[in-house]
Amino acid sequence: MTQKPCKGPRLGVRHLQSFLLFLGLTVMHIARLNVSVAIVAMTNAATTNPNFPEYEWTEKQKSYILSSFYWGYILTLCPGSFLCRRYGAKVVLFVASCGTAVFSLMTPWCITWGGWQVFCAIRILQGLFQGVIFPCVTEHLAMWSPPEERNRLGAFSYTGTDCGTVLAMFISGMIAKGAMGWPGISYVSGSLCAAWCFLWLIFASNNATESRFVGEAECKYIESSLEHNEDFHDRTIPIPWRAIWTSVPSWPAVTRCAETYGLSTLQAEIPSYMNGVLNMEIQSNAVFSSLPFLAMWLLSYVYLIAADVLLKKKILSLTSVRKLFNTLSFWIPAAALIGIGFLSEENKNLAIVLMTVSVGVNSGATIGSSLNSIDLSPNHAGILIGLSNTVANVIPILTPLIAGEIVADKHNRGQWQIVFGLAAVIFFVGNVVFIIWGTAKAQPWDADDFLKPKDTETACEKPKNTPAEVAPPIDPVLEQQISWPERYTAKAIE
């Protein structure tokens, strides 16, 4: 009679960790993305609260501000992977959120003192702190997520990015219009990050064996499902750099670049497009700018349920699910982006619908390609996400600068057509790469002992000889009379 595998509680500490990651991504994305609405309020105070300073920044200067966050962000993506492996996700994410909170609270005073140049400097520093986030989130999920629950826990955690984007767009406009004005956007963001720090410090743990809240059954379920040895958390697994760089399934980092380009174009440019082409005021701009990301947040749960059904009923393999969802989340937005570029103020409602579809459907990329690093290598997931995100997040530096070069006049619809058309082409090509080379199978170089010398291992493990295999001893007198070549030959024959 086969023994049933150990199962943890339906709702346990692993779900709490996922919820904490969701909240963390939410508050840190609010702090990251509220600038796209804040910058409109700061340069057009008449549509918000005229009691606060207004700045006459050029479109190029605004593009520098929008991209500057990522100048610092890409510098700590790979170091973030190593920091997480060395100190654990708990400490590193705590420091990241604290740094984000401090610089958010400082932002209004610093801008008044130093203008757009200092604003860029603060955004760079915030980017340095937040660069460690996704390597830590991925590593934390790999430590807490049993394989059969990985889609569920991982996708739910990552929806914090969608929730944060919605709130960044939505509440920023209301705050700017209210009594706190545009400085209130930074104050609220900083306070939310600080509040999350306390929750994380109390309830987070690097793995199930370190948590004081997890029960024995759940701990055993998590550790046994991950097939960890007893000393797994006490040792460091060497990183197979050469194998990672030469592994074809790792190449679809190109796909991450494509998604980042399309999504960052929408995140950074939607408020300016709505204000310039559709002539929408800041508050309605903020509401409708947040609508696509609200759709993204809600549709992510639809994708999650659909993936669970397809996998549980074995309709599709995990690789097929990833490729299907990635195709939907890339190619539908590509078509919608092209359509958006041909719309004007008279087609305002249709433009909003297409933007909502474009961003909302893109949420499938989380189950499509974003979680693929954990599939390829649970042991090195943080390293993989650090490498791929380092490459991918060069893109958000470029997208506002490219848009700033193309859009000289924000009211010119033809210039916006180029911006959105370019994003559509990149979306299309990026998914083709994932369809050809993507896979959800764990790679051989993920093994704990992959870098262990195979010859040494074989030599150390002496096989036990059966009686038939034991050779008779050579007579000592005869052995002395045999020359070295003959003796070698005799032993070889034996």
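None of the values given here were measured: they were computed from a predicted structure.

**Some remarks on the overall build of the chain**
Inference 1: Each helix and strand counted, the chain has 22 helices and 0 strands in total.
Inference 2: A fraction of 84% describes how many contacts in the chain between residues 6 or more apart in sequence connect residues 24 or more apart.

**Details of helix α5 (residues 89-130)**
Inference 1: Its 42 residues give α5 an end-to-end C-alpha distance of only 13 Å, which falls more than 12% under 62 Å, the value for a rise of 1.5 Å per residue.
Inference 2: Approximately 135 degrees is the largest bend angle found in α5, and it occurs at G114.

**As for the environment of S358**
Inference 1: Topologically, S358 is positioned in helix α14 (residues 348-361).
Inference 2: S358 gets classed as buried once you look at its relative accessible area, which sits at 1%.
Inference 3: If we skip the residues at most four places from it in the chain, S358 touches L266, P333, A336 and L337.

**Description of the packing of aromatic side chains**
Inference 1: Taken as a whole and assessed by the stated rule, the structure comprises 20 aromatic pairs.
Inference 2: In textbook terms, an aromatic cluster arises when at least three aromatic residues are bridged by ring pairs, as seen for F19, F22, F156, W297 and Y301.
Inference 3: Seen from the ring of Y87, R86 lies directly overhead, with NZ or CZ sitting 5.0 Å from the centre.

**Remarks on helix α19 (residues 413-437)**
Inference 1: With 25 residues, α19 extends 37 Å between its outermost C-alpha atoms, agreeing within 8% with the 36 Å of an ideal straight helix rising 1.5 Å per residue.
Inference 2: Inspection of α19 places Q415, W416, V419, F420, A423, A424, F427, G430, N431, V433 and F434 among the buried residues, and these make up the whole buried set.
Inference 3: Regarding α19, its N-cap is N412, as a side-chain oxygen of that residue lies 2.9 Å from the backbone nitrogen of G414 further along.

**Considering the pattern of salt bridges**
For side chains bearing opposite charge, pairing can occur when the charged atoms are close.
Inference 1: Per the stated rule, a full pass over the model turns up 6 salt bridges.
Inference 2: Here E59 makes a salt bridge to K62, at a shortest N to O gap of 2.9 Å. One end of the pair is E59 and the other is K62, both in helix α3 (residues 59-73) and 3 residues apart, which spans about a single turn.
Inference 3: One network of salt bridges, with partners in common, ties together R14, E149 and E218.

**A word on the packing of α3 against α5**
Inference 1: Closest axis-to-axis distance for the α3/α5 pair is 6 Å, and the angle between their directions is 25 degrees. Between α3 and α5, the angle falls in the class roughly parallel. As for how α3 packs across α5, the hand of that crossing is right-handed. Residues Q61, Y64, I65, S68, F69, W71, G72 and Y73 of α3 lie in contact with α5, whose contacting residues are W116, F119, C120, R123, I124, Q126, G127, L128 and Q130.

**Topic: the nonpolar core**
Inference 1: Membership of the largest hydrophobic core comes to 44 residues, with the highest contact counts inside it found for L93, V137 and W200.
Inference 2: For this core, the secondary-structure elements that each account for two or more residues are α1 (13-33), α3, α4 (77-87), α5, α6 (133-144), α7 (150-177), α8 (183-203) and α9 (216-225).
Inference 3: Per-domain counts for this core show at least three residues from each of domain 1 (13-214) and domain 2 (251-447).
Inference 4: M169, M274, W416 and F427 belong to the second largest nonpolar core, which has 35 residues in total.

**Comments concerning the side chain of E259**
Inference 1: Assignment of secondary structure puts E259 in helix α11 (residues 253-276).
Inference 2: The contact partners of E259, leaving out residues within four places of it in the chain, are F330, N362, A365, S370 and F427.

**Concerning the packing of α1 against α5**
Inference 1: Running from N to C, α1 and α5 cross one another at 10 degrees; their axes reach a closest spacing of 10 Å. Compared by their axis directions, α1 and α5 come out roughly parallel. On the side of α1, the interface is formed by L21, M28, A31 and R32, while α5 contributes L93, S97, T100, S104, R123, Q126 and Q130.
Inference 2: A breakdown of the residues in the contact of α1 with α5 according to their chemical character gives 4 nonpolar, 5 polar and 2 charged.

**A few points about the side chain of S104**
Inference 1: Along the chain, S104 turns up in helix α5.
Inference 2: Among the polar contacts listed, one links the side chain of S104 to the side chain of Q126, at a separation of 2.8 Å.
Inference 3: The contacts of S104, once residues within four sequence positions are left out, are A31, Q126, S186, S189 and G190.

Reading the values: the criteria
Residues numbered from 1 in each chain as written. Predicted model: local features only at pLDDT ≥ 70, side-chain atom pairs only at ≥ 80, totals over all residues. Heavy atoms only, no water. Helix = DSSP H or I, 4+ residues; strand = E, 2+ residues; numbered from the N terminus. Contact = heavy atoms within 4.5 Å. Expected span 1.5 Å × (residues − 1). Bend = angle between axes of the 7 residues up to and from the residue. Buried < 20%, exposed > 50% of the residue type's maximum accessible area, 1.4 Å probe, protein only. Phe/Tyr/Trp six-rings, centres within 6.5 Å; stacked < 30°, edge-to-face > 60°. Lys NZ or Arg CZ within 6 Å of the ring centre and 35° of its normal. Polar contact = N/O pair within 3.5 Å; in protein donor to acceptor, adjacent residues only side chain to side chain. Salt bridge = Lys/Arg side-chain N within 4 Å of Asp/Glu carboxyl O. Axes fitted to C-alpha atoms, helices over the stretch in contact; angles between N-to-C directions. Parallel < 35°, antiparallel > 145°, perpendicular 65-115°, else oblique. Left-handed = near helix turned anticlockwise from the far one by under 90°. Core = buried A, V, L, I, M, F, W, Y, C linked by side-chain atoms within 4.5 Å. Domains from an automatic or database assignment. Nonpolar A, V, L, I, M, F, W, Y, C, P; charged D, E, K, R; others polar.

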